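Structural description and commentary
Now for the letters of each chain:
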Amino acid sequence: MANSALELVALIVTLIGLVGTAASTGMPMWRVTAFIGENIIVFETRYEGLWMNCYRQADIRMQCKVYDSLLALPQDLQAARGLMCCALALGALGMLFSLVGLQCTSCIQNNDRAKRLVLILSGTMIVMACICVIIPVSWTGHVIIRDFYNPLLIDAQRRELGEALYVGWVAAAFLFVGGCLFICCNIPSEEKSPQRYIYTRNSDYTMYTPQPPQQLQPQQLVMLPQPQPVLSRYPSTNGTYHSRYPSVRSGVAYL
């Protein structure tokens, strides 16, 4: 029952992390204009994301433009696109596999070992999705911080960390927790392992040694006495039977 509750918690946490990953992938707020030094134009903000650039002015809605060429993008942005898409795919597949292996579902019946293996596999995929999220988010954050303190860049070229990066870090944390719960709840413990008996040398038991087969002695024949013939009360002569009653022969009765 405890494992079933933890599995449901892991499923909910993983779902939150997957939603956060999708939001971070689609949000254009990865790089935000830094209002420092001579950059005093605060009524216009520029956002740079994985798929588009956006401008937002005061009292005017945000205007966005999709990148025209993929090959013209920097390497970190291209890698971030691929890794975030891989994270979404792995997270979605991990959640689908976890639904098959949950104890409250009947997709796999009478096979607890198969359910544990499915949940361990789904947890591994979710942890891999977490890694795919944390790499581009941290890489982009490192590039932003490096360029911010680069003296060769002017103030208008410097950027700050956007909201999408923080959402990505939080989503990666949720994915990591969900994947670890799926894995840890289904690892067989030592208490459930079969008991093993260990025999020491100082035991009172001795080894059984088989004895050689004994040869059977021939039994002596015993001569039994022959049965005596039983004399009948009415002996017969030449196959005739003497009776106390008279017999009739050719119409003559003998007394």
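The notes below deal with the structure included here. Keep in mind that what you see is a predicted model, and the values were worked out from it rather than measured.

**Examining the overall build of the chain**
Secondary structure assignment for the chain yields four helices and nine strands. When the elements of the chain are put in sequence order from the N terminus, they spell out α-β-β-β-β-α-α-β-α-β-β-β-β. In the chain, which comprises 255 residues, the proportion classed as buried is 29%. Contacts in the chain between residues at least 24 apart in sequence constitute 63% of all its contacts with a sequence separation of at least 6. A total of about 19,200 Å² of accessible surface is found on the chain, and carbon and sulfur atoms cover 61% of it.

**Some details on the side chain of Arg31**
For Arg31, the location among the structural elements is in strand β1 (residues 31-33). Here Arg31 falls in the buried class, since its relative accessible area comes to 15%. A distance of 3.0 Å separates polar atoms of two side chains, one belonging to Arg31 and the other to Asp76. With near-sequence residues (within four places) excluded, Arg31 lies in contact with Arg46, Tyr47, Glu48, Asp76, Thr140, Val143, Ile144, Arg159 and Glu160.

**A few points about the pairing of strand β3 (residues 52-57)**
Across five bridges, the pairing between strand β2 (residues 44-48) and β3 is antiparallel. The residue of β3 that forms the bridge with Glu44 is Gln57. Following β2, the chain reverses through three residues before pairing antiparallel with β3. Here β3 pairs with strand β4 (residues 63-66) via four bridges, running antiparallel. Within β4, the residue paired with Cys54 across the bridge is Cys64.

**Describing the nonpolar core**
The nonpolar side chains of a soluble globular protein tend to be buried, and buried together. Within the largest apolar cluster, 28 residues are counted, with the highest numbers of intra-cluster contacts made by Trp30, Leu50, Val133, Leu175 and Phe182. Secondary structure elements with two or more residues in this core: α1 (2-26), α2 (75-101), α3 (112-148) and α4 (163-184). Examining the composition of this core, we find that nine residues originate from one element, α3, more than from any other.

**Some words on the packing of aromatic side chains**
Applying the stated criterion across every chain yields a total of two aromatic pairs. Each ring, one from Phe148 and one from Tyr149, has its centre 5.2 Å from the other, and the planes form 80 degrees; the classification is edge-to-face. Ring centres of Tyr166 and Trp169 lie 5.7 Å apart, and the angle between their planes is 75 degrees; on these two criteria the pair is classed as edge-to-face. Of this pair, Tyr166 and Trp169 both sit in helix α4, separated by three residues, roughly a single helical turn. Its relative accessible area of 28% is what places Trp169 among the partly exposed residues.

**Topic: the sheet that holds β3**
An order of β4-β3-β2-β1-β5 is seen for the five strands of this open sheet, with the pairing classed as antiparallel. Edge strands, defined here as strands with exactly one partner in the open sheet, are β4 and β5 (159-161). Taking the axes of each pair of neighbouring strands and ignoring which way they run, one obtains an average angle of 25 degrees across the sheet. In terms of strand pairing, β1 meets β2 through two bridges, oriented antiparallel. The residue bridging Arg31 from the neighbouring strand is Glu48, located in β2.

**Thoughts on α4**
Each α-helix turn comprises 3.6 residues. Residues three or four places apart therefore point the same way. Taking 1.5 Å per residue, 22 residues should reach 32 Å; α4 reaches 32 Å between its end C-alpha atoms and fits that length. Among all positions of α4, only Ala164, Leu165, Gly168, Ala171, Ala172, Leu175, Gly178, Gly179 and Phe182 are buried. Buried residues of α4 fall within an arc of 145 degrees about the axis and therefore sit on the same side.

**Concerning the packing of α2 against α3**
At a minimum axis distance of 8 Å, the contact between α2 and α3 shows a crossing angle of 160 degrees. Classified by the angle between their axes, α2 and α3 sit roughly antiparallel to one another. When the axes of α2 and α3 are compared, the crossing they make is left-handed. Grouping the amino acids of the contact of α2 with α3 by side-chain chemistry returns 22 nonpolar, five polar and two charged.

**Topic: the side chain of Arg81**
In this fold, Arg81 is placed in helix α2. Apart from the residues lying within four places of it in its own chain, the contact partners of Arg81 are Leu50, Trp51, Tyr67, Leu70 and Leu73.

**Details of a nonpolar patch on the surface**
A cluster of nonpolar side chains, namely Leu93, Leu96, Phe97, Leu99 and Leu121, defines an oily patch on the protein surface of about 430 Å² accessible area. The element contributing the most residues to the nonpolar patch is α2, with four residues. With respect to the helices and strands, Leu121 occurs in helix α3.

About the criteria used
Residues numbered from 1 in each chain as written. Predicted model: local features only at pLDDT ≥ 70, side-chain atom pairs only at ≥ 80, totals over all residues. Heavy atoms only, no water. Helix = DSSP H or I, 4+ residues; strand = E, 2+ residues; numbered from the N terminus. Buried < 20%, exposed > 50% of the residue type's maximum accessible area, 1.4 Å probe, protein only. Contact = heavy atoms within 4.5 Å. Areas by Shrake-Rupley, 256 points an atom, 1.4 Å probe, with all protein chains shown as cover. Polar contact = N/O pair within 3.5 Å; in protein donor to acceptor, adjacent residues only side chain to side chain. Pairing = 2+ DSSP bridges. Core = buried A, V, L, I, M, F, W, Y, C linked by side-chain atoms within 4.5 Å. Phe/Tyr/Trp six-rings, centres within 6.5 Å; stacked < 30°, edge-to-face > 60°. Axes fitted to C-alpha atoms, helices over the stretch in contact; angles between N-to-C directions. Expected span 1.5 Å × (residues − 1). Arc of directions from axis to C-beta. Parallel < 35°, antiparallel > 145°, perpendicular 65-115°, else oblique. Left-handed = near helix turned anticlockwise from the far one by under 90°. Nonpolar A, V, L, I, M, F, W, Y, C, P; charged D, E, K, R; others polar. Patch = residues over 30% accessible without salt bridge, like charges linked within 9 Å, V, L, I, M, F, W, Y side chains within 5 Å. Salt bridge = Lys/Arg side-chain N within 4 Å of Asp/Glu carboxyl O.

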